[in-house]
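Residues per chain are reported as follows:
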Amino acid sequence: MSVVLITGCSTGIGRELARVCAEAGDRVYATMRDPSKAGDLGEVAGVTVLTLDVTDDESVAKAVDEALRRAGRLDVVVNNAGIDTLGAIEDIALDKVREIMETNFFGALRVTRRVLPAMRAQGAGTIVMVTSVAAVFSSYGEGAYTASKRALEGAAEVLQNEAARWGIRVLVIRPGYVDTPIAGKSIPGSASPSDSPYRELIRAYGEQDQRGVREGAPAAEIAREIREAYTEGSEAFYVPVGDDARQIVPWRRNAEDRQFLEQVPSVLG
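Here's a quick rundown of the structure.

What counts as what
- Residues numbered from 1 in each chain as written.
- Predicted model: local features only at pLDDT ≥ 70, side-chain atom pairs only at ≥ 80, totals over all residues.
- Heavy atoms only, no water.
- Phe/Tyr/Trp six-rings, centres within 6.5 Å; stacked < 30°, edge-to-face > 60°.
- Buried < 20%, exposed > 50% of the residue type's maximum accessible area, 1.4 Å probe, protein only.
- 1 Å grid on protein atoms, 1.4 Å probe; cavity = no way out; pocket = protein on both sides within 12 Å on 5 of 7 lines; lining within 4 Å.
- Points joined across faces, edges and corners; volume = space filled by probe spheres on them.
- Helix = DSSP H or I, 4+ residues; strand = E, 2+ residues; numbered from the N terminus.
- Nonpolar A, V, L, I, M, F, W, Y, C, P; charged D, E, K, R; others polar.
- Core = buried A, V, L, I, M, F, W, Y, C linked by side-chain atoms within 4.5 Å.
- Contact = heavy atoms within 4.5 Å.
- Pairing = 2+ DSSP bridges.
- Right-handed = clockwise from strand over helix to strand, strands pointing away.
- Expected span 1.5 Å × (residues − 1).

Remarks on the packing of aromatic side chains
Two aromatic rings are characterised by how far apart their centres lie and by the angle between their planes.
(1) Moving on: This model, assessed by the stated rule, comprises three aromatic pairs.
(2) Moving on: Pairing F105 with F106 gives two aromatic rings, centres 5.0 Å apart and planes at 70 degrees, and the pair type is edge-to-face.
(3) Moving on: F105 gets classed as buried once you look at its relative accessible area, which sits at 13%.
(4) Moving on: Seen in terms of ring centroids, F237 and Y238 are 4.9 Å apart; in terms of plane orientation they differ by 90 degrees. Their pairing is edge-to-face.
(5) Moving on: Residue classification places F237 among the buried residues on the basis of a relative accessible area of 19%.

What to know about the layout of surface pockets
Where empty space is left can be seen by rolling a probe of water-molecule size over the atoms.
(1) Moving on: Size it by volume and the second largest pocket reaches roughly 220 Å³.
(2) Moving on: Lining the second largest pocket are 15 residues, and of these I89, S139, Y140, G141 and I202 lie nearest its centre.
(3) Moving on: Secondary-structure elements contributing two or more residues to the lining of the second largest pocket are helix 4 (143-163) and helix 5 (199-214).
(4) Moving on: Counted by class, the lining of the second largest pocket contains seven nonpolar, six polar and two charged residues.

Comments concerning the environment of R253
(1) Moving on: Tracing the chain through its elements places R253 in helix 7 (residues 243-254).
(2) Moving on: With a relative accessible area of 58%, R253 lands in the exposed category.
(3) Moving on: When the C-alpha atoms of R253 and R15 are compared, they prove to be 31 Å apart, with 238 residues separating the residues in sequence.

Observations regarding the nonpolar core
(1) Moving on: The biggest cluster of nonpolar side chains holds 32 residues, and the ones touching the most others in it are I6, V28, L41, V78, V128, I173 and Y230.
(2) Moving on: Within the residue set of this core, elements represented by two or more residues are strand 1 (3-6), helix 1 (12-23), strand 2 (27-32), strand 4 (76-79), strand 5 (125-130), strand 6 (168-175), helix 6 (219-231) and strand 9 (238-241).
(3) Moving on: Once you skip the residues sitting within four places of it in the chain, V128 turns out to touch V76, V77, V78, N79, L171, I173 and Y230.

Looking at the pairing of strand 2
(1) Moving on: Burial within strand 2 is extensive, with five of its six residues counted as buried.
(2) Moving on: By the bridge criterion, four bridges tie strand 1 to strand 2 in an arrangement that is parallel. The residue bridging V4 from the neighbouring strand is V28, located in strand 2.
(3) Moving on: As a crossover connection, the stretch from strand 1 through helix 1 into strand 2 is right-handed.
(4) Moving on: Across five bridges, the pairing between strand 2 and strand 3 (residues 47-51) is parallel. Paired with A30 across the strands is V49, a residue of strand 3.

Considerations on helix 4
Each turn of an α-helix holds 3.6 residues, which means side chains three or four residues apart point in the same direction.
(1) Moving on: For helix 4, spanning 21 residues, the distance from its first C-alpha to its last is 30 Å, which sits close to the expected 30 Å at 1.5 Å a residue.
(2) Moving on: Buried within helix 4 we find A144, Y145, T146, S148, K149, L152, E153, A156, L159, Q160 and A163.
(3) Moving on: The inward-facing, buried residues of helix 4 contact helix 3 (94-122), strand 5, strand 6 and strand 9.

Take it as geometry only, folks, not as evidence of what the structure does.
Have a look at this one:
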């Protein structure tokens, strides 16, 4: 049995991962900004719902410390909480970019920094960063989201070097399209004003992107893959999850950069 803390459990991957871990016998601390959205998750045996807003230092400290007080250790921490929007680099408000970075990048760092002393003291631990194939396969309107995920991956690499001597393992999970409520949270092109020269391009890509999400892998399936990735002793650092991610990541790795960037417009036909 492992003690697992997961961020962003109100919907999607985080919620399903909490269930998958509990079903496997783990003791799970499922965290979210608004616990009223937990629904029946708190009734699942082995799951404790805690309030945790990754953008707030005090909230992070309180939740992590409470989990440690109750369980005495944290074996796995999954930084899953994240937000997205679609808008051209020239259009998207910098305040929105900061909001995305605050959640996706700084939020994961806040949680990680709070758990590291306990993991060092126990001489073991696994930190999982959930990023995205968008970190390697960027496209229209995803500038802020891609930047946040690439930044997190860079920090994760350095963290692995720094923390390995204490038995701490870092793992980066790159999901592809996943069928989660995120598809309905952003109106395609809404981050670009109506008179933007990019508006229609972003709108067209956004509609395609939302179709991809709706037709994506079930969140429960991705959750099972994530747990398998950190429990089966794989030596991989970057782990694509979902069939599309397993195809996209190697293809992008082998593509010449300029050629790849010139081919992106063909995605929209």
